[in-house]
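# Fold and geometry: a report
Single-letter residue listing:
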Protein chains: 2
Amino acid sequence: MPHRQLAFPQSECADCPIRHRAVCARCETDELEQLEAIKYYRNYEAGQTVVWAGDSMDFVASVVRGVASLTQTMEDGRRQMVGLLLPSDFLGRPSREKAPYDVIATTDLQLCCFRRAPFQNMIDTTPHISQRLLEMTLDELDAAREWMLLLGRKTAREKIASFLAIIARRDAQVQQTIAQGEVGFDLPLTREAMADYLGLTLETVSRQMSSLKRDGVISLEGKRRILVPDFDVLLDETGDDSDGGVLA
Amino acid sequence: MPHRQLAFPQSECADCPIRHRAVCARCETDELEQLEAIKYYRNYEAGQTVVWAGDSMDFVASVVRGVASLTQTMEDGRRQMVGLLLPSDFLGRPSREKAPYDVIATTDLQLCCFRRAPFQNMIDTTPHISQRLLEMTLDELDAAREWMLLLGRKTAREKIASFLAIIARRDAQVQQTIAQGEVGFDLPLTREAMADYLGLTLETVSRQMSSLKRDGVISLEGKRRILVPDFDVLLDETGDDSDGGVLA
DNA sequence: ACCCCGGCTTGATCCACGTCAAGGCACGGA
DNA sequence: TCCGTGCCTTGACGTGGATCAAGCCGGGGT
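Residues numbered from 1 in each chain as written. Chains lettered and ligands numbered in written order. Predicted model: local features only at pLDDT ≥ 70, side-chain atom pairs only at ≥ 80, totals over all residues. Heavy atoms only, no water.

### Looking at the interface of chain B and chain A
Formally: In this description, contact between two residues means that some pair of their heavy atoms is separated by no more than 4.5 Å. Simply put, the buried area is the total loss of 1.4 Å probe accessible area from both parts when two parts are fitted together. A carboxyl oxygen of Asp or Glu within 4 Å of a side-chain nitrogen of Lys or Arg is what we treat as a salt bridge. Contacts described as polar in this section are N or O atom pairs within 3.5 Å, which, within protein, must combine one atom able to donate a hydrogen with one able to accept it, while residues neighboring in sequence count only if both atoms come from side chains. Counting from the N terminus, the helices are the DSSP runs of H or I reaching at least four residues and the strands are the DSSP runs of E reaching at least two. Gly is put with the polar residues, along with every residue not named as nonpolar or charged; the nonpolar set is Ala, Val, Leu, Ile, Met, Phe, Trp, Tyr, Cys and Pro, and the charged set is Asp, Glu, Lys and Arg.
Every contact between the two is made by 50 residues of chain B and, on the other side, 50 residues of chain A. Each partner contributes to the roughly 4400 Å² buried at the junction of chain B and chain A, and carbon and sulfur atoms together form 52% of this total. Its largest share of buried area at the contact with chain A, chain B owes to B:Arg145, B:Met148 and B:Arg153, together 19% of the area lost on that side. Measuring nitrogen to oxygen at the nearest pair gives 2.8 Å for the salt bridge that ties A:Asp142 to B:Arg93. Taken together, chain B and chain A are joined by 29 residue pairs in polar contact (both at pLDDT 80 or more). Looking at the side of chain B that touches chain A, the elements that each hand over two or more residues are strand 4 (68-73), strand 5 (79-85), helix 3 (116-125), helix 4 (127-153) and helix 7 (191-198) of chain B. No other element matches helix 4 of chain B, which puts 21 residues into the side of chain B that touches chain A. Split by residue class, the side of chain B that touches chain A holds 20 nonpolar, 12 polar and 18 charged.

Below is the structure:
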């Protein structure tokens, strides 16, 4: 099973009011207006911390532009990324005040925020919102569990290939051309962030990227732009069930 | 943060009708009666498969007795456990027909099942049930993410110690004596299942158990019963934040 | 033009864990 | 009683990825 799809293709919802539908797919006009009334924007630069683990968060948000990561850190400094938020993903948990992990902007980032209390109100009074949130949380849980398989059992090369496939599949433009085989996209993470994502060191990430390049599976344009001549070849490297179901 | 607590201490709800409260903490009598009307029991022996990945599940359930695991398997046979269900935990996802992973009884197991369709009805007509399910799913997500840190960054010894601490903390009887330091409990998993849980081989599990025994952190009574002379010493081995918050 | 610095690559070496293999122990059935 | 079988332990050895270390490259500031 591939990484969960976008709640909505990015092309359909370029700005925030529509993006609310990531929260509530069936919202009617008046509900969208309620959301409109309690929303505001926040912007962060690459590398900035949005919230620290343990801090209380007075908002929930939906990612408009950029990428944020959820990261756990052990006392001795070992770090593991436990969530990656791309545009249209949802950040924060209604009815839970404290953030359980650091939230870090890995690229420049724009959030569309809703203040907690009124948002909580909407949930309590609009039943299908909590159903929608349940759906989204189940998607996150599926993604987390696929990630556990990656962390526990895949080799470094498989981890890198899986990561590239995930990023490619979540890129709206790539989505449309993926069937033709050749695709290109930008990495939204540094090698170090990739290492934190994949449970590796940055040296191993770098070596495996070089190895995939040597073997012709990918090529690089600069450090961040990836070209994949044949997406199926990349999928073969992931170790995943290769039912060929690119759009499954 | 420790592994999520039981929805309710096991001692409070020894049989199924009460255990429904794991699904719905605020259910009133008439709602419990509705659940009562659509419930039935299933029993499995240790090692039996409850559902295969990809099968459609016509029920959701709550674990009454025993332990079930959610396991992903790659084509070449590598396996990773992605969920562990103990008594009072919930199995299945309303509004999702297909099971995404194998569900296996790791001990003798009793489930209290609810047929899908009527259960789905209750969700749609009783708003606070879907809110309760959201809470439970968020707990599962937190557990999954803590597990990701374990899989990605902990050493074999830390993994074993963390696992023992998780099992101990979820054991109701242990809960009550944990403050005194010395606790004992039974492992509900074979060494092989522990290996699948922890992203290790069974040999490494065995060696690390022996090592913890040699170092006096634990002692064994038979293969499955664990005695921990000082729980804080075990916690020191987990690599976790040692804020001493046993009951946090 | 120069240097600096952050992000990245590459090489040499080490070691934790996987792999392969040989038993040990407890239980159940003939 | 003996043997078979499932589960576990232990040892010897190999290796994938971590660690340590030395640069490279490209962009921005002075």
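### Here's the deal with the protein's contact with DNA strand C
What counts is decided by this rule: One heavy atom suffices: a residue is near a molecule or strand as soon as one of its heavy atoms comes within 4 Å of it.
The full set close to DNA strand C counts 17 residues, and A:Ser206, A:Arg207, A:Ser210, B:Thr204 and B:Arg207 are the nearest of them. By atom count, sugar and phosphate contribute 63% of the portion of DNA strand C lying within 4 Å of the protein. Broken down by secondary-structure element, the contributors of at least two residues to the surface near DNA strand C are helix 8 (202-214) of chain A together with helix 8 (202-214) of chain B. Ranked by residue count, the leading element in the surface near DNA strand C is helix 8 of chain A, at five residues. Classifying every residue of the surface near DNA strand C gives three nonpolar, seven polar and seven charged.

### A few points about the relation of the copies chain B and chain A
Selection rule: A least-squares superposition brings the copies together, and it is based on the C-alpha atoms of residues with pLDDT no lower than 70 in both.
Between chain B and chain A, which share one sequence, the superposing operator has a rotation angle of 180 degrees and an axial displacement of 0.0 Å; the RMSD is 0.0 Å. The transformation relating the two chain copies, once decomposed into turn and shift, fits a two-fold axis. Same-surface contact between copies: 100% of interface residues of chain B are shared with the interface of chain A.

### Describing the environment of A:Val63
Relative to the helices and strands, A:Val63 resides in strand 3 (residues 59-65). As for A:Val63 and A:Pro87, which are separated by 24 residues in sequence, their C-alpha atoms are 4.7 Å apart.

### Remarks on the packing of aromatic side chains
Basically, it comes down to this: Aromatic contacts are taken between Phe, Tyr and Trp rings whose centres are within 6.5 Å, Trp giving its six-membered ring; a plane angle under 30 degrees counts as stacked, one over 60 as edge-to-face, and the others as tilted. Any Lys NZ or Arg CZ that is within 6 Å of a ring centre and within 35 degrees of that ring's normal is treated as a charge sitting over the ring.
Taken as a whole, this structure holds eight aromatic pairs over all chains when the rule is applied. Taking 5.2 Å as the distance between ring centres and 70 degrees as the angle between the ring planes, the aromatic pair formed by B:Phe163 and B:Tyr197 counts as edge-to-face. Taken together, the positions of B:Phe163 in helix 5 (residues 156-169) and B:Tyr197 in helix 7 put the pair 34 residues apart, joining distant regions of the chain. Of the aromatic side chains, those joined through ring pairs into one cluster are A:Phe90, A:Phe114 and A:Phe119. It is A:Arg42 that lies over the ring of A:Phe59; its NZ or CZ is 4.1 Å from the centre.

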